Amino acid sequence: MKPTEALMFEHLLENMTDGVFIIGYDGHIRMDNNVASEVLDIGVDTLYGKTIVDLISENSKNDAFFECITLAVYKKEKIAEIVPFYKKDGSERQLRLVVSPLRDREDDIAAIVMFSDVTELTDLGEKNDHLNQMLIHFIQRFVKVLIGAVDKRSHFNATHTKKMVNYATRYLEYLEEQGRPLDPKKVEPFLASIWLHDVGKLVIPYRILEKPNRLAGKEKEVVHRAEVSILKDRLRISELEREICKAEHSDDSSLVSELASSGEWMNLGETIETISEADEKRRTLEGAKAHIKELEDAISFIKDVNNRGFIDADTRQRIQDIATIECETYDGGTVYLLDNYDIEALTVEKGNLTSNERRIVMSHVTETYNMLKEMDFEGEFADVPDWAGRHHEYLDGTGYPNGISGDQITWESRLITIIDIYDALTAEDRPYKPAMSPEKAFSILRSMRDEGKLDGEILEDFYNSNAWK
């Protein structure tokens, strides 16, 4: 190196903020700067001329620091590490150490060692990690409280989310035991997505979310409609019975014979007309009684159907027939026993929701996605909205809300879908259906797999894990 270049290099070295020294492959230090002596806590002494062995003997507590340097010099490779360094007063510092080969044209002639005190940055990083962990724990607690509120809002669905989290947790434990663990960085976000998968139900109207049967509160309206008409019929029957009784006591048949034999034909016509009116009243009375019976039978049948989970074709037809029974109102008008909503609700094949109500409930998935997107999940939690918002999508594209299919649906969403369906089938707190046995539930899940809706590999793995027990 020319004298001018050497001088420039020395000035550059001395003005660096990092501690620097150059060590030859013979182990001797060829050049250093003042920062190096300061950081390594050797006062004003220069490192120049010392060997790496000398430094190790003078700093017996700093094996990690010198081991990195020795390894880099021996292998002639670049090494970058953050290592602890203990000063003479016993305090511990964190040094960022970089050792790189120094070349002259094509030959490695030495190694340049650069280090700086990053203790404050490391401490700050540790504090940030601690704060991040605290934030994660806070989010977890907040999520559990929030979902607890969602579940309490619907007592028919009170343990659904908690059971799903338990199933998923046990399944992840099974995967770890099998040597196929989920990426540790994904575990907490994945469980969070299960906790939050139904958060959109917060905006679903309570009357629909909590609907206990087909008619819900409208059953009272239908019954009241029939009762008003029955009351009117009974009042009419009472009046008719009094009139008929009065006519019978007048003994009209004897009067006809007397009038005919006496030749009083004008009065005879009036008497026959009276008898005809009495017969009409008897027919009206019988009609009213039949109408009452028809309404009472209809209401009994409606109450039974109202609490059924499944409706067959015969039941559907009878509801259609019952619907057009006329009911008299207080003001003398007439209405049909069932309106269009009543008919639809009572003839839904499965469940207790009309098509419009079902659309509203299904919208909870879109609401979940939108709400979670608004929360701006970042980093490892960035996928939570997608995982949670796709738990009703099927591999064949027949799911909702977006009808995505195949590889568009992640492993996480596929698993959530399977767990969600399994719990819905086996739940004991659903008013519109009885709980299924696990065997029956898995039979249905396998049918859905055969139809191309569910991931068969995940399904069988979940079954074999016994996480569902």
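Residues numbered from 1 in each chain as written. Predicted model: local features only at pLDDT ≥ 70, side-chain atom pairs only at ≥ 80, totals over all residues. Heavy atoms only, no water.

A.B. asks: Mind showing me how you'd approach helix 7 (residues 184-195) here?
C.D. replies: Compared with an ideal rise of 1.5 Å per residue, which puts 12 residues at 16 Å, helix 7 spans 18 Å between its outermost C-alpha atoms and is within 8% of the ideal. The set of residues buried in helix 7 consists of Pro-189, Phe-190, Leu-191, Ala-192, Ser-193, Ile-194 and Trp-195. (Helix = DSSP H or I, 4+ residues; strand = E, 2+ residues; numbered from the N terminus. Expected span 1.5 Å × (residues − 1). Buried < 20%, exposed > 50% of the residue type's maximum accessible area, 1.4 Å probe, protein only.)

A.B. asks: What exactly am I supposed to notice about helix 13 (residues 340-347) here?
C.D. replies: Side chains of residues three or four places apart in an α-helix project in the same direction, reflecting 3.6 residues per turn. Buried residues of helix 13: Asp-342, Ile-343, Ala-345, Leu-346 and Thr-347, and no others. By the N-cap criterion, in which a side-chain oxygen at the helix start approaches the backbone nitrogen of a residue two or three places on, helix 13 is capped by Asp-339, the distance to Tyr-341 being 3.1 Å. (Polar contact = N/O pair within 3.5 Å; in protein donor to acceptor, adjacent residues only side chain to side chain.)

A.B. asks: Honestly, the packing of aromatic side chains in this entry has me stumped. Any pointers?
C.D. replies: When we look at a pair of aromatic rings, we describe it by the centre distance and by the angle of the planes. Applying the stated criterion to the full structure yields 18 aromatic pairs. With a centroid separation of 6.5 Å and an interplanar angle of 75°, the aromatic rings of Tyr-167 and Phe-462 are classed as edge-to-face. Residue Tyr-167 is found in helix 6 (residues 160-177), and its partner Phe-462 is found in helix 18 (residues 456-465); the two are separated by 295 residues along the sequence. Accessibility assignment for this pair places Tyr-167 and Phe-462 in one class, buried. Here Tyr-171 and Tyr-174 contribute two aromatic rings whose centre-to-centre distance is 6.3 Å and whose plane-to-plane angle is 20°, an arrangement assigned as stacked. Of this pair, Tyr-171 and Tyr-174 both sit in helix 6, three residues apart, which is roughly one turn of the helix. In this structure an aromatic cluster arises from ring pairing among Tyr-167, Tyr-171, Tyr-174, Tyr-422, Phe-442, Phe-462, Tyr-463 and Trp-468. Positioned above the aromatic ring of Phe-301 is the side chain of Arg-318, whose terminal nitrogen or guanidinium carbon lies 4.1 Å from the ring centre. (Phe/Tyr/Trp six-rings, centres within 6.5 Å; stacked < 30°, edge-to-face > 60°. Lys NZ or Arg CZ within 6 Å of the ring centre and 35° of its normal.)

A.B. asks: Even after reading the chapter, I still don't get the side chain of Glu-328, so can you show me in this structure?
C.D. replies: Here Glu-328 is to be found in strand 6 (residues 326-328). Only 2.8 Å separates the side chain of Glu-328 from the side chain of Arg-236, close enough to count as a polar contact.

A.B. asks: I would appreciate a short explanation of empty space enclosed by the protein in the present structure.
C.D. replies: Sizing a probe to match a water molecule and rolling it over the atoms shows the empty space that remains. In this structure the tally under the stated criterion is one cavity of 30 Å³ or more. Quantified by volume, the largest cavity comes out at close to 40 Å³. If you go around the largest cavity, the residues you meet are Glu-393, Tyr-394, Leu-395, Ile-409, Arg-414, Thr-417, Lys-453, Leu-454 and Asp-455. (1 Å grid on protein atoms, 1.4 Å probe; cavity = no way out; pocket = protein on both sides within 12 Å on 5 of 7 lines; lining within 4 Å. Points joined across faces, edges and corners; volume = space filled by probe spheres on them.)

A.B. asks: Even after reading the chapter, I still don't get a nonpolar patch on the surface, so can you show me in this structure?
C.D. replies: Together, Phe-138, Phe-142 and Met-375 give the surface a local cluster of nonpolar side chains, amounting to about 310 Å² of exposed area. Mapped onto the elements of the fold, Met-375 is located in the loop between helix 14 (355-374) and helix 15 (384-389). Given a relative accessible area of 43%, Met-375 falls into the partly exposed group. (Patch = residues over 30% accessible without salt bridge, like charges linked within 9 Å, V, L, I, M, F, W, Y side chains within 5 Å. Areas by Shrake-Rupley, 256 points an atom, 1.4 Å probe, with all protein chains shown as cover. Salt bridge = Lys/Arg side-chain N within 4 Å of Asp/Glu carboxyl O.)

A.B. asks: Would you mind going over the confidence of the model for the protein chain with me for this structure?
C.D. replies: Atomic detail in the predicted coordinates should be set aside for any region of low pLDDT. For the protein chain, per-residue confidence averages 85 on the pLDDT scale, and residues scoring 70 or more make up 84% of the total. A low-confidence stretch, residues 265-269 (pLDDT under 50), is modelled with five contacts involving residues beyond four sequence positions or located in other chains. (pLDDT = per-residue confidence, 0-100. Contact = heavy atoms within 4.5 Å.)

A.B. asks: What is the right way to read the pattern of salt bridges from this model?
C.D. replies: Note on pairing: side chains with opposite charge can pair once their charged atoms come close. What the rule picks out here adds up to 25 salt bridges. One salt bridge in this structure joins Glu-280 and Arg-283, with 2.6 Å as the shortest N-O distance. Placement of the pair is Glu-280 and Arg-283 together in helix 11 (residues 265-306), with a separation of three residues, close to one helical turn. For Glu-280, a relative accessible area of 41% puts it in the partly exposed group. As a salt-bridge pair, Arg-308 and Asp-304 come within 2.6 Å of each other at their nearest N and O atoms. On the basis of relative accessibility, which here comes to 39%, the residue Asp-304 falls in the partly exposed class. Members of the salt-bridge network, linked through shared partners, are Lys-218, Arg-225, Asp-339 and Asp-342.

A.B. asks: For this particular structure, what's the right way to read the environment of Tyr-394?
C.D. replies: Relative to the elements of secondary structure, Tyr-394 occurs in the loop between helix 15 and helix 16 (411-426). Between the C-alpha atom of Tyr-394 and that of Asp-455, which follows or precedes it by 61 residues, the distance is 8.9 Å. When residues no more than four places from it in sequence are discounted, the contact partners of Tyr-394 are Gly-399, Ile-404, Ser-405, Ile-409, Thr-417, Ile-421, Met-448, Lys-453 and Leu-454.

A.B. asks: Whenever I open this one, the nonpolar core confuses me. Can you help?
C.D. replies: Soluble globular proteins: nonpolar side chains tend toward being buried together. In this structure, Phe-190, Ile-194 and Phe-462 are the most contacted members of the largest nonpolar core, which totals 41 residues. Every element with two or more residues in this core is listed here: helix 6, helix 7, helix 15, helix 16, helix 17 (438-450) and helix 18. The biggest single contributor to this core is helix 6, with eight residues. When residues no more than four places from it in sequence are discounted, the contact partners of Phe-462 are Tyr-167, Tyr-171, Ile-418, Ile-419, Phe-442, Ala-467 and Trp-468. If you look at the next biggest cluster of nonpolar residues, it comprises 28 residues, including Leu-240, Ala-288, Val-305 and Leu-338. (Core = buried A, V, L, I, M, F, W, Y, C linked by side-chain atoms within 4.5 Å.)

A.B. asks: Can you walk me through the side chain of His-391 in this structure?
C.D. replies: Summarising the element assignment, His-391 is placed in the loop between helix 15 and helix 16. Here the side chain of His-391 touches His-392 through a polar contact of 3.3 Å, side chain to side chain. Apart from residues no more than four positions distant in its own chain, His-391 is found in contact with His-197, Asp-198, His-364, Val-365, Ile-416, Thr-417 and Asp-420.

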